[in-house]
Amino acid sequence: RLVTLVTVSLLLVLLASVLPTCGTTEPQVVKETVKETVVVEKEVVVEKVVTATAMPKEATQLVVAQGQDINILDPHKMQATVDMAIWLSVFNGFTVFDATMTDPQPGMAESWETPDETTYIFHLRKDAKWHSGRAFTADDVLFNYDRILEIAGKGRLAGYMSDVDSMEKIDDNTIQVNLKAPSAVFLMYTPYFVFVDPETAAEIETNPIGTGPYIFKEWIPNDKVTLAKNPDYFDQDTPRPDELIIK
């Protein structure tokens, strides 16, 4: 099962790697001063300002063909691999996958440390926001941990968190994770431990709100899912298409 999940996640990472070809350069307004000399009976200097008209940016779109419709929008209850494109586009975990799928990179946690073999301290991004505009905090992480444990076998994520003994809030931007025993795979599983907005969790089946690079727009069953680029995403350096369609 892990192999299948990694394969689909790798597809998403590879999509991100080719997105620079979809990027466009922001239009610039150029001002040019032209001096003309008109000779009649005397020299007259006429200054003329020529302003280039900025062309509107052309929207970019990427269509991901899965060949099968998704089953559910709640990442904590997802079971099928086909649902992972939504899972990893709309939501984030402590970390995100790199291109090799072996070295997790900062996600909602901008850094972390391991004071001992069974303790991880994650420092959350202070500028991170939910798609609703609300700030992301340590209380949101604890809500999600409790929710995943409550859902348990109805979803996949509890299995990825099986090495965790407890989580505790150090402050609004710091979470300590206590493991049951030293684990070689815990950090590699953290991209799967994605967070849903506590304030809108009750309506997640129709309006999922996360912190990921894409914002949910609509799901037309047996047709497509439409996502729009998140303008407030912490990683604005990676070019991404304005719209992502999964069908």
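Everything quoted here is computed from the prediction, not taken from an experiment. Counting of residues starts from 1 at the beginning of each chain's written sequence and follows it residue by residue. Since the coordinates come from a predicted model, pLDDT governs what is reported: local features require at least 70, and pairs of side-chain atoms require 80 or more to be given and counted, while whole-chain, interface and lining totals use all residues. Side-chain figures throughout are based on the complete set of non-hydrogen atoms in the structure, without hydrogens or water.

Visitor: Can you tell me about empty space enclosed by the protein, naming the residues and giving the values?
Guide: Here the term cavity refers to a set of points on a 1 Å grid, laid over the protein atoms alone, in which a 1.4 Å probe fits but cannot get out; the term pocket refers to an open set having protein on both sides within 12 Å along at least five of seven lines, with lining residues being those that place an atom within 4 Å of a point. Grid points are joined across faces, edges and corners, and a volume is the space filled by probe spheres set on the points. With the rule as written, the count across this model stands at 1 cavity of 30 Å³ or more. One number sums up the size of the largest cavity: a volume of about 40 Å³. Along the walls of the largest cavity sit Met108, Ala128, Lys129, Thr211, Asn230, Asp232, Tyr233 and Phe234, which together make up its complete lining. Per-class residue counts for the lining of the largest cavity are 4 nonpolar, 2 polar and 2 charged. Here the nonpolar group is Ala, Val, Leu, Ile, Met, Phe, Trp, Tyr, Cys and Pro; Asp, Glu, Lys and Arg are the charged ones; every other residue, Gly included, is treated as polar.

Visitor: Could you give me a rundown of the pairing of strand β9 (residues 174-179), with the residues and numbers involved?
Guide: Remark: exposure states derive from per-residue accessible area (1.4 Å probe, protein chains only) relative to the maximum for the residue type, with buried under 20%, exposed over 50%, and partly exposed in between. Note on conventions: DSSP H or I runs of at least 4 residues are helices, E runs of at least 2 residues are strands, and numbering of each starts at the N terminus. With 6 of 6 residues buried, β9 lies mostly within the body of the structure. Both faces of β9 are covered, namely the face carrying Thr174, Gln176 and Asn178 and the face carrying Ile175, Val177 and Leu179. Note on pairing: two strands pair once DSSP finds at least 2 bridges between them. By the bridge criterion, 5 bridges tie strand β7 (residues 119-124) to β9 in an arrangement that is antiparallel. When the bridges of β9 are listed, phenylalanine 122 appears paired with isoleucine 175. With 6 bridges connecting them, strand β8 (residues 164-171) and β9 associate as antiparallel partners. Bridge pairing in β9 places glutamate 168 opposite glutamine 176. Taken together, β8 and the strand that follows it, β9, pair antiparallel across an intervening segment of 2 residues.

Visitor: Describe the environment of glycine 210, with residues and values.
Guide: Relative to the helices and strands, glycine 210 is located in the loop between α5 (186-189) and β10 (214-220). Among the residues examined, glycine 210 registers a relative accessible area of 0% and is labelled buried. Considered as a pair, glycine 210 and phenylalanine 195 are 15 residues apart in the sequence and their alpha carbons are 6.6 Å apart. Contact between two residues is taken to exist if any of their heavy atoms lie within 4.5 Å; hydrogens are not considered. The residues contacting glycine 210, other than those within four sequence positions of it, are Val90, Phe91, Lys129, Trp130, His131 and Phe195.

Visitor: Requested: an account of the sheet that holds β10, with residues and values cited.
Guide: What the 4 strands build is an open sheet, ordered β3-β12-β11-β10; its pairing is mixed. Two strands lie at the open edges of the sheet, namely β3 (61-64) and β10, each paired on one side alone. The average undirected angle you get between the axes of adjacent strands in this sheet is 20°. Bridging between strand β11 (residues 224-229) and strand β12 (residues 243-246) involves 4 bridges; their strand directions are antiparallel. Pairing of alanine 228 across the sheet is with glutamate 243, part of β12. Under this scheme, a helix contributes an axis fitted over its contacting stretch, all axes are lines through C-alpha atoms, and angles between N-to-C directions fall in the 0 to 180 degree range.

Visitor: I'd love a proper account of the environment of glutamate 205, names of residues and values included.
Guide: Residue position: glutamate 205 is located in the loop between α5 and β10. For the pair formed by glutamate 205 and aspartate 74, sequence separation is 131 residues and the distance between their alpha carbons is 6.0 Å. With near-sequence residues (within four places) excluded, glutamate 205 lies in contact with Ile72, Leu73, Asp74 and Lys77.

Visitor: Lay out the nonpolar core with the relevant residues and their values.
Guide: In a soluble, globular protein the nonpolar side chains are often hidden away together inside. The criterion is simple. A nonpolar core is a set of buried Ala, Val, Leu, Ile, Met, Phe, Trp, Tyr and Cys residues joined through side-chain atoms within 4.5 Å. Residues Phe94 and Val177 are the most contacted members of the largest nonpolar core, which totals 53 residues. Take this core: its biggest share by element is 6 residues, from helix α2 (residues 84-90). Once residues within four sequence positions are removed from consideration, valine 177 is found in contact with Phe94, Thr118, Thr119, Tyr120, Phe122, Val164, Ser166, Met167 and Phe186.

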